[in-house]
Structure formats: structure tokens, C-alpha cells
Amino acid sequence: MEKVSISTIQFFEDREVELKGWLYNKRSSGKLHFLQLRDGTGIIQCVVFKGDVSEEIFKLCGELTQESAIIVRGTVRRDERSTLGFEIGASDVECVQMAEAYPITPKEHGLAYLMDHRHLWLRSTRPHAILQVRHEVVKACRDYMDTNGFILMDAPIFTPAACEGTTTLFETDYFGEKAYLTQSGQLYMEAAAMAFGKVYCFGPTFRSEKSKTRRHLTEFWMIEPEMAYCDLDGDMDLAEDMVVYIVARILEECSEELEVLERDIGKLEKVKKPFPRISYQQAIDILHKTGSDIRWGVDLGGDDETVVSQQFETPILVHRYPTKVKAFYMKEDPQDARLALCMDMLAPEGYGEIIGGGQREDELAILERKLSEHELPKETFAWYLDLRRYGSVPHAGFGMGIERMITWICGLHHVRETIPFPRTLQRLYP
Ligand code: 4AD
Ligand code: MG
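Figured I'd write up the structure that's included with this text. (Residues numbered from 1 in each chain as written. Chains lettered and ligands numbered in written order. Predicted model: local features only at pLDDT ≥ 70, side-chain atom pairs only at ≥ 80, totals over all residues. Heavy atoms only, no water.)

## Quick word on the side chain of Arg-215
Tracing the backbone shows Arg-215 in the loop between β11 (198-206) and β12 (219-228). For Arg-215, a relative accessible area of 14% corresponds to the buried category. In terms of polar contacts, Arg-215 uses its side chain to reach the side chain of Thr-306, at 2.7 Å. The residues touching Arg-215, leaving out its near neighbours within four places in the chain, are Gly-302, Glu-305, Thr-306, Gly-350, Tyr-351, Gly-352, Arg-404 and Val-415. (Helix = DSSP H or I, 4+ residues; strand = E, 2+ residues; numbered from the N terminus. Buried < 20%, exposed > 50% of the residue type's maximum accessible area, 1.4 Å probe, protein only. Polar contact = N/O pair within 3.5 Å; in protein donor to acceptor, adjacent residues only side chain to side chain. Contact = heavy atoms within 4.5 Å.)

## Let's talk about the pattern of salt bridges
Taken as a whole and judged by the stated rule, the model has 36 salt bridges. For Lys-273, the salt bridge goes to Asp-241, with nearest N and O atoms at 2.7 Å. Linking Lys-273 in the loop between α8 (265-269) and β13 (277-279) with Asp-241 in helix α6 (residues 232-253), this pair joins segments that are 32 residues apart in sequence. Salt bridges sharing common partners tie together Lys-3, Glu-18, Arg-73, Asp-92 and Glu-94. (Salt bridge = Lys/Arg side-chain N within 4 Å of Asp/Glu carboxyl O.)

## Points about the side chain of Arg-118
With respect to the helices, strands and loops of the structure, Arg-118 is situated in helix α3 (residues 118-121). Glu-417 is the oppositely charged side chain nearest to the buried, salt-bridge-free Arg-118, at an N-O distance of 5.4 Å. Here the side chain of Arg-118 touches Glu-417 through a polar contact of 3.4 Å, landing on its backbone oxygen. Polar side-chain contacts of Arg-118 include one of 2.6 Å to the backbone oxygen of Pro-420. Not counting chain neighbours up to four residues away, the residues in contact with Arg-118 comprise Pro-127, Leu-131, Arg-416, Glu-417, Ile-419, Pro-420, Phe-421, Pro-422 and Pro-430. (Lys, Arg positive; Asp, Glu negative; His and termini not counted.)

This is a description of form; function is not addressed.
Structure follows, in C-alpha cells:
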């Protein structure tokens, strides 16, 4: 008897196997019970025929409840009618635990209810598909970095200072001192890039986002590459290449999941290089043409991003935003000091920003001025200023929010479904 998982069942035709899992669903008629067994890797139908098992086992199968833990033994049979192509002719069924009445039934539940039961909801097909895509996106990001000469440099979670502005910091008590949960590993990656050339970090980041939008989590994961001797154009090249790579990988590896999610993959197939690159000024012009009265100088809001990105079929890169609305570390455009050498990548179909980054200020005097303009404490940034004292070079990088990326790839309405246990303004449970 082989102990197998459902995902490899095609290699065991006509063989005796043992499957360990949970009862997903059940249907009975006279001398037959049809048990839908799920084991985390898939779902398979196990046919229990009265003549093939003891009376006791047949009775037990009749009593099994949804999500009961069961072990099924039997023969793998070809079954052209099922999507899997195989079923199990059961010879033995063992109940490990008889589940209580399961709170998630095949009927419709509201999203708030499902989120309250997220610890159980993870077992259902939709979350399962989304989180499988997440797994593949993360793997693709890492593979991309690792095969393109980037070295992994984990950034700290406890930090003494703000990276992305002070308004969204989570404060903690660090042995009587204030420490903040990191908003971004970027500043540390800049130090690491001067040591290793091309680096990246991938980890959780935290923002005390007071906004209740469908794009914001308070805890999200970001992959952040950083490159020495790189400018804004080189940075945009990397972002574009990486996104094309990830989308292609998901189309190749996750077609079943995308089908479960009813994703229109024609839209994803259009994600090819080159992506249009437009300036902030051009984005403002587009907004004005579509009836917006946005003023030059303000940051693009979520709705503005939606309108601009809807004009294109691939992601776009918007560069050179006004310095005033951007973080202190961004390099001023030598052509126009009102602008920063930064970029955002906006996903198509109205999904908005999935990447933010750009070239970093590499001149000590300008950076010192920026720190004071942003009222940031020079002492906590002393180490960061050092990087401009000892071998400062042009350098650039970006951060890609994993959950935003998955929301777009899966075509979801809300970012909260893309992480196993989302944290938002209103949610800390389960
Ligand atoms: O544009 P952001 O704030 O850029 C940075 O943090 C830079 N320091 C990154 C860098 O250059 N190394 O955030 C980067 C990305 C956004 O484009 C978005 O995808 C995601 O992080 N993001 C969020 N995702 C979910 N919930 C939130 N509250 C997010 N805030 C940003
Ligand atoms: Mg941003």
C-alpha cells in the first residue's frame, strides 16, 4: 500500500493507495457513498460500495460529517468523467476525528463572516487557489532575483526611524526606548548595495494605515531590490522585466487556479515589454482630459491611478513626481529640482500602484537638507548619511507589494484575500 497525495495520483493507476485528509463533501445513494476527500493538494472522489467494505465501515461513511478527518485506502481507478481523471475504489475508511457541525457550508456566506472564519475558510477552493498563486508569485520573485545576480539581505523589523514618513509608523516599546516596525527595508538595502552591488530583501512591512481602502493592509510583504551604479531608467527596466517574468510564470504554472478564480487570462497575456513610460505631468494631462480637476503638485490618489491605468493594456511606469509629495530619500531631478527621480508602476484594469521606487539621493548636502525639511532626526540617520560620505554612487531600487501584485494577477476586488491572515484597520482576528 502506497501512501500518496492526490496531486500525484496519476502515477498510481490500478495500485492500492492510502490517502490522508478531510471530508470535503459527500453524496450517498443506496449501496454507495461518494466521499470527496481533500488532502491539501487536491480533491478526489472515493467510491464506497457496500459490497466492498464491512457493514461497520459502510455505516460510518453514512455518518461522516463535513471536514471530518479521514484516512481512505483503496484502488486508483481511471475515471474520465472527473476533472482529475481518477477516483478511488475504497476498501477501507478510517475516521480520525468526527467533525462538529462545520460553520462554512456550500451555501453563500458574506465576506465578513468568511473572514471571521479565515482559519477554516483557508480550506475552501477560492482561498486555496489564491494562496497557491501567492506561493508561486513569491517563488517567481525569488527565482528572478537569485538568477539575476541579486544577493538576499534580510532587513531588520525593529527600526529606530521612519523610512516612508512618520504618519504610518507602528510604535513599540524597545526596552524603554521607542522602536518602530519597519515600513520598508530600503534604507538598509542601500547600505547592503554598497557592500554587495545588487541586493534584495523580502519580508513583512508594517504601516499604520488609517485608510479603509481595498488596497491597504497594515501588514504586507514587499520584495525590495537595490542596485549600486543604477539610475532611474535602469530601475524601470528591472521593474518591467521582473513583472513580465512573474506574470508569465503564473500563466504557466497556475492555469487551474486562475480558472477557479475565473480570471480573464487574455488580459494577462498582454503583459509584454515594453511598458509605456509616462511622466507625472503626462498623467496629470490624462486626468485633465478625462474631466478631473487635479492640481499639479498633489500626489495621485487611488482613484486617479485607476483612471490613468485604465487607458493602457499593460502596466505603465509613471515617473518624476513632484518632490514635495515623495519621501525624503528620493533624488532630485537635476533637470528640474521640483521633481524627484522616482517611479510608480500602475497595473492595468484599474488596479493602481503595485511598485514604488526610484533613484536615491546620493549627495550628502542635499540629503541633509531633505532630512531637515522633513523634520527627521539627523542622529538616527547618521549611519545612512555615512553612505554618502564613503564611496557614494548613483543607486536605485524599488519595492513591489506582493499582495497588490496578487490582487491584480488574480483579478480580485480586495487585497485582503491575498494573504493567509490579513491585518487591516478593522481586523486583527483570527
Ligand atoms: O511605494 P512604497 O511606499 O515604497 C516604498 O516603501 C519604498 N521604500 C520601496 C523601495 O523603493 N524599496 O511601497 C511599495 C509598494 C507599493 O507600490 C505597494 O505595492 C505596496 O508596497 N504597498 C502596500 N501594499 C499593501 N498595503 C499597503 N498599505 C501598502 N503600502 C504599500
Ligand atoms: Mg508608493
